[in-house]
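So you can see what is in the structure, the chains are spelled out below.
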Amino acid sequence: MKRQAVKAMLGLAVVSVLGMTAPAVSAAETETETETVSTELETETEETEAETEAAPDVEVKKDGETIVTLKNESGYVVKEAVVGAAEEETETAENETEAESEGIVTGLTLTGEDGEVHVFADADVTAMTDPVLVKDNVFLYIEYKNAEGKDKEAAETADEVEFDKEVTMYVVNDVYVRAEANGDSEALAVASLGQEVTVTGAAPKWYKVVMGETTGYIARSFLSKDKESADAAVKAEEAAQAQAAAEAQAAAAAAQQAASQASSGQSAAAPQGKYEVSRQAYDDCDGSGHGYYEIIYSDGSTAREEY
């Protein structure tokens, strides 16, 4: 009996000791896991910082001095940025002096870390406010605000490219499909807001699209890869049209009332028949100044007029 009692007491002592040591082991394991997670987070942070540092802002220089800095959101690492296009380096000093005397610093050449040269032949970086370097497909763009505070963009001078794989995109505003990648070319068709189009290639500021039997070009600012943004644009346009229609009806009712009063000698004659109520301009946004007006008339009808 005594031996059994001693064994029982020893057993309780072992259990007690194990119970006391178990939390210490768990705490040690937790501390190790915490240190591991902390190390992983620090590694991820370092990788994120490294990615950010991989594409620093671009300092545009002239005669070795920085004249403007481009915020770099392109992910493309620029090794050197100087004013003046690469192909213009052979120009005479006399021509360069004449341009400088007019206060115009036109042209920008970016040389990437990969050795590629990107030329913005017509860009005047000194006239840009809040310039940002971005990349869309293979082309670089500088988005900025002009002297009037309007959003603008400058595109690099480059050749058209064909995509290896077709891309589906969505129209975010009614726009003409042009025969060539410029706003002066023939308008082949109209791509409607919310319409789905097949994109087969791109040129600076333009996408090459296929719509049924029509193949042409749409300014890139009118297309989006995000269907949700196109759907939101459709809803916004429908709301605007509903408001314009309501205003047209109100104007027609007012005109009718004025005409009725005029006939009874209460006031001067009011406008009779169909007349223009509002006119909304839709620019091609390619710098050409071309686009069209959407006109709403007093009877609720609409029409388009190219400009």
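Structure's up top.
All residue numbers here refer to positions counted from 1 along the written sequence of the relevant chain. Per-residue local features are limited, in this predicted model, to residues with pLDDT of at least 70; the limit for side-chain atom pairs, both in listing and counting, is 80 or more; totals at the level of whole chains, interfaces and linings are taken over all residues. Just so you know, side-chain values use all the structure's heavy atoms and leave hydrogens and water out.

Asks: How would you summarise the overall build of the chain if you had to cite specific residues and measurements?
Replies: For the chain, the helix and strand inventory stands at three helices and 18 strands. The classification of residues rests on relative accessible area computed with a 1.4 Å probe and restricted to protein chains. Under 20% of the type maximum is buried, over 50% is exposed, and intermediate values are partly exposed. Classification of the 307 residues of the chain by burial places 29% in the buried group. For the chain, long-range pairs separated by at least 24 residues make up 47% of all intrachain contacts whose partners lie at least 6 apart in sequence. Every accessible area reported is derived by Shrake-Rupley at a probe size of 1.4 Å, with residue values counting cover from the shown protein chains alone. As displayed, the chain has an accessible area near 19100 Å², and 50% of this comes from carbon and sulfur atoms. In DSSP terms, a helix is any run of H or I states spanning at least four residues, a strand is any run of E spanning at least two, and both are numbered starting from the N terminus. It only takes one pair of heavy atoms within 4.5 Å for two residues to be counted as in contact.

Asks: I'd like a rundown of unusual backbone geometry, residues and numbers included.
Replies: Although it is not a glycine, Asp63 adopts a positive phi angle of roughly 55°. With respect to the element layout, Asp63 can be found in the loop between strand S1 (58–62) and strand S2 (65–72). Judged by relative accessible area, which is 73%, Asp63 ranks as exposed.

Asks: Please set out the pattern of salt bridges residue by residue, giving values where relevant.
Replies: Each reported salt bridge corresponds to a side-chain nitrogen of Lys or Arg within 4 Å of a carboxyl oxygen of Asp or Glu. Scanning all chains against the criterion turns up 12 salt bridges. Between Glu153 and Arg220 there is a salt bridge; the shortest N-O distance is 2.7 Å. With Glu153 in strand S8 (residues 151–155) and Arg220 in the loop between strand S14 (214–219) and strand S15 (223–224), this pair connects stretches of sequence that are 67 residues apart. Arg220 shares its class with Glu153; the two are buried. With a closest N to O distance of 3.4 Å, Glu305 and Arg279 form a salt bridge. Highlighted residues: Glu305 in strand S18 (residues 302–306) and Arg279 in strand S16 (residues 276–283), separated in sequence by 26 residues. With a relative accessible area of 36%, Glu305 lands in the partly exposed category. Here the residues in one salt-bridge network are Asp136, Glu143, Glu153 and Arg220, joined through shared partners.

Asks: How would you summarise the pairing of strand S17 (residues 291–297) if you had to cite specific residues and measurements?
Replies: Of all seven residues in S17, six are buried; the element is thus mostly enclosed. Pairing between strands is defined by DSSP: at least two bridges between the two strands are required. Taken together, the seven bridges between S16 and S17 define a ladder with antiparallel strand orientation. Among the inter-strand pairings, Ser278 is bridged to a residue of S17, identified as Ile296. For S17 and S18, the ladder comprises five bridges, and the chain directions are antiparallel.

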